[in-house]
Amino acid sequence: MAVKTFHPAMTAHRFAEWQRMRDCMDGEAQVKYRGEYYLKMPSGFKGQDDGGVAMYQAYKDRAQFPAILAPSVSAMIGIIHGREIKIEMPDAMMFLWENANGDGLPLEAFHRRITRELLVIGGYAVLTDAPEGGGDPYLVGFPRDLLINWDVDFWVLDESRQIRDGFVWQQMEQFRLLTVDGGLYTPFVFNGDVDVGEEVIVRGRGGSLLPRIPFAVGNAVDLSPRVEAPPLIGVANAAIAIYQLSADYRHQLYMSGQETLVAINGDAPTMVGAGAVHQMIGGDGMTPDLRYVSPTCSGIEAHKQAMMDQREAAVMAGARLLEQSAGVQESGEARKLRFASETATLTSIAQSSCLLLEKSLRNVAMIMGLPEDDIVVTPPEDLLDQSISAQDFAALFGVYERGGMSWDSYFAAGQKGGLFSPEVTAEEEFAKVDNLADLGDNAV
């Protein structure tokens, strides 16, 4: 079996996009480490004695890579997970809150990792596994590029990794095939280039075999293995474009500040600077002259404008989601409209993240022999800021006091607006009201 075979959707173009996203997330050091992959050497440098190595290094060092992708991802994760996400599951599964992956990672942190991968790569996969000798099930996350092949009841995962042999780390090549044989889940592990994988027996509580593959995969839109462009690839592309423009822009700045001294009809001085005296004597009919010349850098302003345009492109692609436009005062409604498309993307990512976690937790329940329908992960209702002012809240209270709305409706509006705690019920909050006697019949 050619276990290393890639699915047709796993193209070189898609791998390049994923690599670009990861490099931009890692920041300037990683992008510059990739050298000419992102910043080509100007052809004029290659005429130097060293082939332009020194000039290119200085050219690259002066360039600035904008840190706009990583803060954007962090902000979007904060928006999604800053809202209430309800996770309901049986008491027997509560151990997952403190240890979701078997290595001590809390469930909330595991969920944030799912969201992060959906934002950065546009996909994530979760395998639910259990120790061979028995014990609690756990969740194993796989970045989307490690799911290399798939079909109905057929998944191939690349589990290759670095392993330590004494003081030395070596690359170990390993692949896991998840499939169904005779109606039961049957995984195989392939080490290196072997043609036949070793069958791994996975049993549920009580020694029962599993009726389906405990595996879940999703993208930024739904629960499917479909491969799509990362949601924020536009931000990464704009960041790389700014980096390339910055290299030319700062190179021109450097060159314009390094004027060249030209000696006309005279010997060139051996030294230039304060304290140096240069005497030049021309021959008959010759007028000696010393002049500084510098490049005109006529395109420097165009480069500056181009960088500003690329920053605007990054904003439109999703960067700095809640930042207002420079020099413009926006109302909340205008800002909501301006970010309508980005919010829709965030909403779909939040829903996919919750659905992926829910399916993974239901796979845990299957292994443990628990009711799967008891597990529900509810995504946040609205990712836009729905906070209301004290004046609006007081006006709502007037409507409630006059009998125009119920306490439950009034409490729901206040809770959604951030004025009531999400941890209390309408009845609990009502019990704390100081002026119950004054509310009369409207108290319920």
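Residues numbered from 1 in each chain as written. Predicted model: local features only at pLDDT ≥ 70, side-chain atom pairs only at ≥ 80, totals over all residues. Heavy atoms only, no water.

(A) The arrangement of the overall build of the protein chain in detail. Assigned secondary structure in the protein chain consists of 13 helices and 14 strands. The proportion of buried residues among the 444 residues of the protein chain is 39%. Taking the intrachain contacts of the protein chain between residues at least 6 apart in sequence as the baseline, contacts between residues at least 24 apart amount to 62%. In the structure as shown, the protein chain presents an accessible area of about 24,100 Å², 52% of it carried by carbon and sulfur atoms. (Helix = DSSP H or I, 4+ residues; strand = E, 2+ residues; numbered from the N terminus. Buried < 20%, exposed > 50% of the residue type's maximum accessible area, 1.4 Å probe, protein only. Contact = heavy atoms within 4.5 Å. Areas by Shrake-Rupley, 256 points an atom, 1.4 Å probe, with all protein chains shown as cover.)

(B) A look at unusual backbone geometry. With phi around 50°, aspartate 153 is a residue other than glycine that occupies positive phi space. Of note, aspartate 153 is situated in the loop between strand 4 (147-151) and strand 5 (154-158). Classification of aspartate 153 by relative accessible area gives partly exposed; the value is 41%.

(C) Representation of the pairing of strand 8 (residues 174-181) in the model. Across the eight residues of strand 8, six count as buried, placing the element largely inside the fold. Sheet topology places strand 5 next to strand 8; five bridges connect them, and they run antiparallel. When the bridges of strand 8 are listed, valine 156 appears paired with leucine 177. Of the pairings in the sheet, the one linking strand 8 to strand 9 (residues 184-191) comprises eight bridges and is antiparallel in character. Each residue of the ladder has a partner; that of leucine 178, found in strand 9, is proline 187. Taken together, strand 8 and the strand that follows it, strand 9, pair antiparallel across an intervening segment of two residues, in which glycine 182 is found at a positive phi of about 65°. (Pairing = 2+ DSSP bridges.)

(D) The arrangement of the sheet that holds strand 3 (residues 138-143) in detail. With antiparallel pairing, the three strands of this open sheet are ordered in space as 3-2-11. Whereas interior strands pair on both sides, the edge strands pair on one side only; in this sheet they are strand 3 and strand 11 (215-219). Within the sheet, the average angular offset between the axes of one strand and its neighbour, ignoring direction, is 20°. Of the pairings in the sheet, the one linking strand 2 (residues 123-129) to strand 11 comprises five bridges and is antiparallel in character. Its bridge partner being in strand 11, leucine 127 is matched across the sheet by phenylalanine 215. Here helix 5 (residues 107-120) sits on the sheet and contacts strand 2, strand 3 and strand 11; the angle it forms with strand 2, its principal contact strand, is near 145°. (Axes fitted to C-alpha atoms, helices over the stretch in contact; angles between N-to-C directions.)

(E) The sheet that holds strand 10 (residues 198-199), seen in detail. Judged by pairing direction, the sheet is antiparallel, and its five strands sit side by side in the order 4-5-8-9-10 without closing on themselves. The two strands at the open ends of the sheet, each matched to only one other strand, are strand 4 and strand 10. Taken together, the four bridges between strand 4 and strand 5 define a ladder with antiparallel strand orientation. When the bridges of strand 5 are listed, asparagine 149 appears paired with valine 156.

(F) Inspection of the packing of helix 4 (residues 69-81) against helix 5 at higher detail. Axis separation between helix 4 and helix 5 bottoms out at 10 Å; the angle between their running directions is 130°. Taken together, helix 4 and helix 5 sit at an angle that is classed as oblique. You can see that helix 4 and helix 5 cross each other, and the crossing is right-handed. For the pair helix 4 and helix 5, contact is made by Val73, Met76, Ile77, Ile80 and His81 and by His111, Arg112, Thr115, Arg116, Leu119 and Val120, respectively. Looking at the contact of helix 4 with helix 5 residue by residue, the classes come out as six nonpolar, three polar and two charged. (Parallel < 35°, antiparallel > 145°, perpendicular 65-115°, else oblique. Left-handed = near helix turned anticlockwise from the far one by under 90°. Nonpolar A, V, L, I, M, F, W, Y, C, P; charged D, E, K, R; others polar.)

(G) Seen up close, helix 3 (residues 53-62). Here helix 3 has its buried residues at Tyr56, Tyr59, Lys60 and Arg62. Seen along its axis, helix 3 keeps its buried residues to an arc of 165°; they face one direction. (Arc of directions from axis to C-beta.)

(H) Geometry of the environment of glutamate 358. Relative to the helices and strands, glutamate 358 resides in helix 9 (residues 340-368). The spatial distance from the C-alpha of glutamate 358 to the C-alpha of methionine 89 is 9.5 Å, given a sequence separation of 269 residues. Discounting chain neighbours no more than four positions away, the residues touching glutamate 358 are Ile375, Val376 and Val377.

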